[in-house]
Amino acid sequence: MNRILHTADWQIGRQYARFEPEDAAALSEARFRTVERIAALAQSGCYDAVLVAGDVFDAQTVSERTLRRLFNALQGFDGDWVLLPGNHDAALVESVWTQAQRLGLPGPRTHLALRPEVILLDASRLAILPAPLTQRQTYEDLTTWFDQAGTPTGWRRVGLAHGSVQGILQDDIDAPNPIAPDRAARARLDYLALGDWHGQRCIDAHTWYSGTPEPDRFKDNGAGHVLSVAWDDGASATASVAPTVEPLFVAHHVWQQWHDTLAVPDDLDRLVARLESAPAQAVLDLTLEGRTDLAGQHRLQEALARAQALLRSLSVQQDGLKLYPGEQELAALSASGYVGEVIAELQARQESDDSGTSREALAILAQWLEEA
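Report on the accompanying structure. (Residues numbered from 1 in each chain as written. Predicted model: local features only at pLDDT ≥ 70, side-chain atom pairs only at ≥ 80, totals over all residues. Heavy atoms only, no water.)

**Concerning the overall build of the protein**
Move 1: Across its full length, the protein holds nine helices and 17 strands.
Move 2: The C-alpha atoms of the protein give a radius of gyration of 27 Å, which is well past the 21 Å a tight globule of 372 residues would have.
Move 3: Its C-alpha atoms give the protein principal-axis dimensions of about 90 × 40 × 40 Å.
Move 4: Here the protein holds 372 residues, and the buried ones make up 53% of them.
Move 5: A separation threshold of at least 6 residues defines the contact pool for the protein, and within that pool the share at least 24 residues apart is 71%.
Move 6: Looking at the protein as shown, the accessible area adds up to about 17,100 Å², and 49% of this sits on carbon and sulfur atoms. (Helix = DSSP H or I, 4+ residues; strand = E, 2+ residues; numbered from the N terminus. Rg over C-alpha atoms; globule rule 2.2 N^0.38 Å. Buried < 20%, exposed > 50% of the residue type's maximum accessible area, 1.4 Å probe, protein only. Contact = heavy atoms within 4.5 Å. Areas by Shrake-Rupley, 256 points an atom, 1.4 Å probe, with all protein chains shown as cover.)

Dropping the structure here:
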């Protein structure tokens, strides 16, 4: 039985400028750990090959250390690797791939698919038809040559490409580097392994996007997996027999986006409990709106501080959360006279203040009064 792992868009060397330096470094490091996990999965699962459908690297300018670390990570699997250049790491005349070759980094079973020519994996009788990008963008379908490509009789034909399947993804996804939606059928492919779109997507029974194995954005699109592609023992090597495709979770970090509205104390109870049970390696983006009193504000800030130390990353947008001290809280603060008038004005201004400044000012004033 032939079994391959299909993955793509590793983006090794990616920088995360929007995050704090400590979190950014950890997110970049996680991409190496995920490749090591893929190698271990391929080795333990006795797979024939791992196909990487483009954007192995995030840029042509990665350091020599990053190059060496990536090829070291591949050593956990002693089968065949096929690495395809994508738009981020195109096979230019001088590229990250030529640098890797000069350094002698690819092992004997690591195949760099730098040219549109059939790669024969003898041990598994797999014929790989790659469509490497030789520039960042192209407006012609580089998989067209698959249709006429000759491969040994009885071998499985597997295409490997990086681009946008035309007319299938959303209009704003379709971009240069087009791929015909019926390429697998035209070229008599047993399977077409695609990269470029960072989410997992089935185009047809023989054509899949694997998505990035390590999520890098807040989208619920199946990222964080590799695809296990297998043909039954009794199935002959013919494109009429669709493989079994199974997503396998390999991500180190889970990216989550929450939107919570606080209206009554139970809402805050649920949010605090949810924060306490969030995965330790979560990258969490939290948006809060609604209203709370001073006691709720204190409890919320304590819960956020604890979560900040627990999670990999926590970003909070709470401009839509209004602060309304209760009458007993105001009485306890002795907020009468002019101070009471200022508090009342800040409470009123919150309704039209989209920046959250009034709420922050009210919280600061309340804290000052408590301390005084």
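**Considerations on the pairing of strand S2 (residues 49-52)**
Move 1: Of the two faces of S2, the one holding Ala49 and Leu51 and the one holding Val50 and Val52 are both buried throughout.
Move 2: Relative to S2, strand S1 (residues 3-7) runs parallel, the two being bridged by four bridges. Looking at S2, one finds that Ile4 is bridged to Ala49.
Move 3: For the crossover that starts at S1, traverses helix H1 (residues 21-44) and ends in the parallel S2, the hand is right-handed.
Move 4: Inspection of the sheet shows S2 paired to strand S3 (residues 80-83) by four bridges, in the parallel sense. Pairing of Val50 across the sheet is with Trp81, part of S3. (Pairing = 2+ DSSP bridges. Right-handed = clockwise from strand over helix to strand, strands pointing away.)

**Quick word on unusual backbone geometry**
Move 1: One non-glycine residue, Asp55, lies in positive phi territory at about 55°.
Move 2: Within the fold, Asp55 resides in the loop between S2 and helix H2 (64-73).
Move 3: The phi dihedral of Arg125 falls on the positive side, at around 55°, and the residue is not glycine.
Move 4: Tracing the backbone shows Arg125 in the loop between strand S5 (119-121) and strand S6 (126-131).
Move 5: According to the relative accessible area criterion, Arg125 is partly exposed, its value standing at 42%.

**Considerations on the packing of H1 against H2**
Move 1: Running from amino to carboxyl end, H1 crosses H2 at an angle of 25°, the nearest separation of the two axes being 8 Å. Of the possible angle classes, the one that applies to H1 and H2 is roughly parallel. Across from Glu29, Phe32, Val35, Glu36 and Ala39 in H1, the residues of H2 making contact are Thr66, Arg69, Leu70 and Ala73.
Move 2: Classifying every residue of the contact of H1 with H2 gives five nonpolar, one polar and three charged. (Axes fitted to C-alpha atoms, helices over the stretch in contact; angles between N-to-C directions. Parallel < 35°, antiparallel > 145°, perpendicular 65-115°, else oblique. Nonpolar A, V, L, I, M, F, W, Y, C, P; charged D, E, K, R; others polar.)

**Digging into the pairing of strand S16 (residues 282-292)**
Move 1: As defined by bridge partners, strand S15 (residues 254-262) adjoins S16 across nine bridges and the pair is classed as parallel. The partner of Gln256 across the bridge, within S16, is Leu284.
Move 2: Crossover connection from S15 via helix H5 (residues 265-277) to parallel S16: handedness right-handed.
Move 3: Both S16 and strand S17 (residues 313-323) contribute to a ladder of nine bridges, which runs parallel. Along S17, the bridge assignment pairs Glu289 with Gly320.
Move 4: Of the crossover connections in this fold, the one passing from S16 over helix H6 (residues 294-310) to the parallel S17 is right-handed.

**Looking at the nonpolar core**
Move 1: Trp10, Phe57, Leu70, Phe71, Trp81 and Leu83 are the most contacted members of the largest nonpolar core, which totals 32 residues.
Move 2: Taken together, the elements giving at least two residues each to this core come down to H1, S2, H2, S3 and helix H3 (96-102).
Move 3: Discounting chain neighbours no more than four positions away, the residues touching Leu70 are Trp10, Ile12, Phe32, Val35, Val56 and Phe57.
Move 4: Formed by 21 residues, the second largest nonpolar core is a distinct cluster that contains Val82, Ile119, Trp208 and Leu227. (Core = buried A, V, L, I, M, F, W, Y, C linked by side-chain atoms within 4.5 Å.)

**Things to note about the pattern of salt bridges**
Pairing is possible between side chains of opposite charge, provided their charged atoms come close.
Move 1: By the definition in use, this model includes 18 salt bridges.
Move 2: Residues Glu117 and Arg115 are paired through a salt bridge, measuring 3.5 Å at the closest nitrogen-oxygen approach.
Move 3: Take Glu117: its relative accessible area is 40%, and that puts it in the partly exposed class.
Move 4: When salt bridges with common partners are traced through the structure, they connect Arg14, Asp216 and Arg217 into a single cluster. (Salt bridge = Lys/Arg side-chain N within 4 Å of Asp/Glu carboxyl O.)

**A few points about the side chain of Arg312**
Move 1: With respect to the helices and strands, Arg312 occurs in the loop between H6 and S17.
Move 2: The buried category is assigned to Arg312, whose relative accessible area is 18%.
Move 3: Of note is the side chain of Arg312, whose polar atom sits 2.9 Å from the side chain of Asp23.
Move 4: In this view, Arg312 contacts Glu22, Asp23, Ala26, Leu27, His253, Ala280, Gln281, Ala282 and Val283; residues no more than four positions away in its chain are not counted. (Polar contact = N/O pair within 3.5 Å; in protein donor to acceptor, adjacent residues only side chain to side chain.)

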